[in-house]
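Below, each chain spelled out in residue letters.
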Amino acid sequence: MNAGPLAGIRILEVGHILAGPYATMLLADLGAEVTKLEPPGGDLSRQVSDAYFASLNRGKRSIRVDLTTDAGQERLHQLVLDAHALLVNLKPSAIRRCGLTYDDLKAYNDRLVCVALTGYGMEAGDDPAFDYVVQAATGIAALTGDPEGPPMLPGYSSADNSAGMTAALGLLAQIVSGRGGQVDVSLRDVLLSQLNYRAAAYLNEGTVPRRTPGGAHAYYVPAQLFPTAEGHLALFVTHDGFWRAFATEAGIDEPAFATMAGRAAHRDDVIAAVTKALAGDTAQGWEARLRPLHVPAAAVRTLPEALERTPGAVVRAGDYRLVGSPVHVAGYEPSYGAPPRLGEHGG
């Protein structure tokens, strides 16, 4: 078995709950040595449940250290000497108070990469910035849900997970540069960035984003959820070839719908025709019929159903069954170590 692509990279982590620990777990999965510096009471996610903690912290080391004390600061400085990066997921004031910025630590290691993962950025203050709050503040909630109903939130922590991935990218980019320095990533900026084409349409064309029935795409038609005889189907027709294949199978023969521009111009008529056609079979039936035609479609499934269909995505990490790394590197298979006990490796 080959060593991971990040073998030899040493990363320190300070933080709680999700965004920061998820970032460093992705790096640990790729072979980095990740050490959590946990306060005396541990990462707060240990209080949620053992499985919750395991889902974000497999394969890491844990050192218990109180960074508010002189002894804790001395231990931090020792660990920084041979670390490549430090990722911190705390409020800006706490990051500064605990001496966790590049300016604080460059005297001990000027090649250290310091990543601050916060709600609104290091210069934006300490306003509460939990996942759902940031989704509301950036327009995500306003875009989610039925247009006749209230704004909604997705069923998982999209802001924290997305920010964690972005922080991991920023950390690696600065390591590759060969220079130490400060990297600043915020949940707010990540979500605004992920609204890319929605934001561009508003900024350049004045198009105000709005919720659409079935979560319909702003440009592609038909591309949304549809009811069927049983269950719902996600259909995502992005070009005319897909439409021809789908329309032939569904028995829709309308020349005005033949082009992307035509379908956009007749959106309501297209949706009505597709809805009527899909009522003739179940979601799983349509999925089975459309797959050989290479039309992008899937029946809406629950998470348990999805996991049952993708057993290769589930791995063993100590006593826990978890979803494995989404990054697959040829010739490398992660070892997926167990989540660490609090202070297992020191403190």
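Conventions and cut-offs
- Residues numbered from 1 in each chain as written.
- Predicted model: local features only at pLDDT ≥ 70, side-chain atom pairs only at ≥ 80, totals over all residues.
- Heavy atoms only, no water.
- Pairing = 2+ DSSP bridges.
- Helix = DSSP H or I, 4+ residues; strand = E, 2+ residues; numbered from the N terminus.
- Axes fitted to C-alpha atoms, helices over the stretch in contact; angles between N-to-C directions.
- 1 Å grid on protein atoms, 1.4 Å probe; cavity = no way out; pocket = protein on both sides within 12 Å on 5 of 7 lines; lining within 4 Å.
- Points joined across faces, edges and corners; volume = space filled by probe spheres on them.
- Nonpolar A, V, L, I, M, F, W, Y, C, P; charged D, E, K, R; others polar.
- Parallel < 35°, antiparallel > 145°, perpendicular 65-115°, else oblique.
- Left-handed = near helix turned anticlockwise from the far one by under 90°.
- Contact = heavy atoms within 4.5 Å.
- Buried < 20%, exposed > 50% of the residue type's maximum accessible area, 1.4 Å probe, protein only.
- Arc of directions from axis to C-beta.
- Lys, Arg positive; Asp, Glu negative; His and termini not counted.
- Salt bridge = Lys/Arg side-chain N within 4 Å of Asp/Glu carboxyl O.

As recorded in an unreviewed UniProt entry, the protein goes by CoA transferase and comes from Streptomyces endophyticus.

Novice: What am I meant to see in the pairing of strand β7 (residues 223-227) here?
Specialist: Inspection of the sheet shows β7 paired to strand β8 (residues 232-236) by five bridges, in the antiparallel sense. For alanine 223, the partnering residue across the bridge sits in β8 and is phenylalanine 236.

Novice: Hey, could you run me through the sheet that holds β7 in this one?
Specialist: In any sheet, the strands associate via hydrogen bonds between backbone groups, in a parallel or an antiparallel arrangement. Strand order in the open sheet formed by three strands is β7-β8-β9, and the pairing between neighbours is antiparallel. Every interior strand has two partners, whereas the edge strands, β7 and β9 (297-299), have only one. Neighbouring strand axes in the sheet, compared pairwise and without regard to direction, differ in orientation by 20° on average. As defined by bridge partners, β8 adjoins β9 across three bridges and the pair is classed as antiparallel.

Novice: Would you explain the layout of surface pockets in this entry?
Specialist: A probe as big as a water molecule, rolled over the atoms, marks out the empty space that is left. Considered as a void within the structure, the largest pocket measures approximately 810 Å³ in volume. The wall of the largest pocket is formed by 32 residues, among which Tyr22, Arg58, Leu322, Val323 and Gly324 lie closest to the centre. Of all the secondary structure elements, the ones that give two or more residues to the lining of the largest pocket are α1 (19-29), α2 (50-57), α14 (303-309), β10 (314-317) and β11 (320-323). Here the element with the most residues in the lining of the largest pocket is α1; it accounts for four residues. Residue composition of the lining of the largest pocket, by class: 20 nonpolar, eight polar and four charged.

Novice: Please explain the packing of helix α10 (residues 240-250) against helix α12 (residues 267-278) as it appears in this structure.
Specialist: Helix-helix packing is characterised by the crossing angle of the two axes and by the distance between the axes. Viewed as axis vectors pointing N to C, α10 and α12 meet at an angle of 50°, and their least axial separation amounts to 10 Å. The angle between the axes of α10 and α12 places the two elements in the oblique class. Once α10 is placed against α12, the crossing between them reads as left-handed. Facing α10, whose interface residues are Trp243, Phe246 and Ala250, α12 presents Val270, Val274, Ala277 and Leu278. Its residues assigned to classes, the contact of α10 with α12 shows seven nonpolar, no polar and no charged.

Novice: What am I meant to see in α10 here?
Specialist: Three or four residues apart is the spacing at which side chains of an α-helix point the same way, because the helix has 3.6 residues per turn. Those residues of α10 lying buried are Phe242, Trp243, Phe246, Ala247 and Ala250. Seen end-on, α10 carries its buried residues on one side only, within an arc spanning 120°. Away from its buried face, by an angle of more than 90 degrees, α10 presents the exposed residues Arg244 and Thr248. In this structure, the buried residues of α10 make contact with β8, α11 (260-265), α12 and α13 (283-290). Downstream of α10 by a residue or two, glycine 251 has a phi angle that is positive, lying close to 75°.

Novice: How should I be thinking about the sheet that holds strand β2 (residues 33-38) in this particular structure?
Specialist: The strand order β3-β2-β1-β4-β5-β6 describes an open sheet built from six strands, whose pairing is parallel. Single-partner strands in this sheet number two, and they are β3 (61-64) and β6 (181-186). Within the sheet, the average angular offset between the axes of one strand and its neighbour, ignoring direction, is 20°. As paired elements, strand β1 (residues 10-15) and β2 share four bridges and run parallel to each other. Residue pairing for β2: arginine 10 is matched across the bridge by glutamate 33. With respect to the sheet, helix α7 (residues 158-177) is in contact with β1, β4 (85-89), β5 (113-118) and β6, its orientation differing from that of β5 by roughly 165°. Helix α8 (residues 187-194) rests against β5 and β6 of the sheet, and its axis sits at about 65° to β6.

Novice: Looking at this structure, how should I read the side chain of aspartate 160?
Specialist: Here aspartate 160 lies in helix α7. We note that aspartate 160 is buried and unpaired, the nearest opposite charge coming from lysine 36 at a distance of 13 Å. If near-sequence neighbours (up to four positions away) are discounted, aspartate 160 is found in contact with Leu18, Ala19, Asp131 and Leu187.

Novice: Is there a simple way to explain the pattern of salt bridges in this structure?
Specialist: When their charged atoms lie close together, side chains carrying opposite charge are able to pair. Overall, the coordinates contain 15 salt bridges when judged by the stated rule. Two residues, arginine 301 and glutamate 287, come together in a salt bridge whose shortest N-O distance is 2.5 Å. Note that arginine 301 is positioned in the loop between β9 and α14 and glutamate 287 in helix α13, a separation of 14 residues in sequence. It is possible to trace a salt-bridge network through shared partners that takes in Glu13, Lys36, Asp43 and Lys60.

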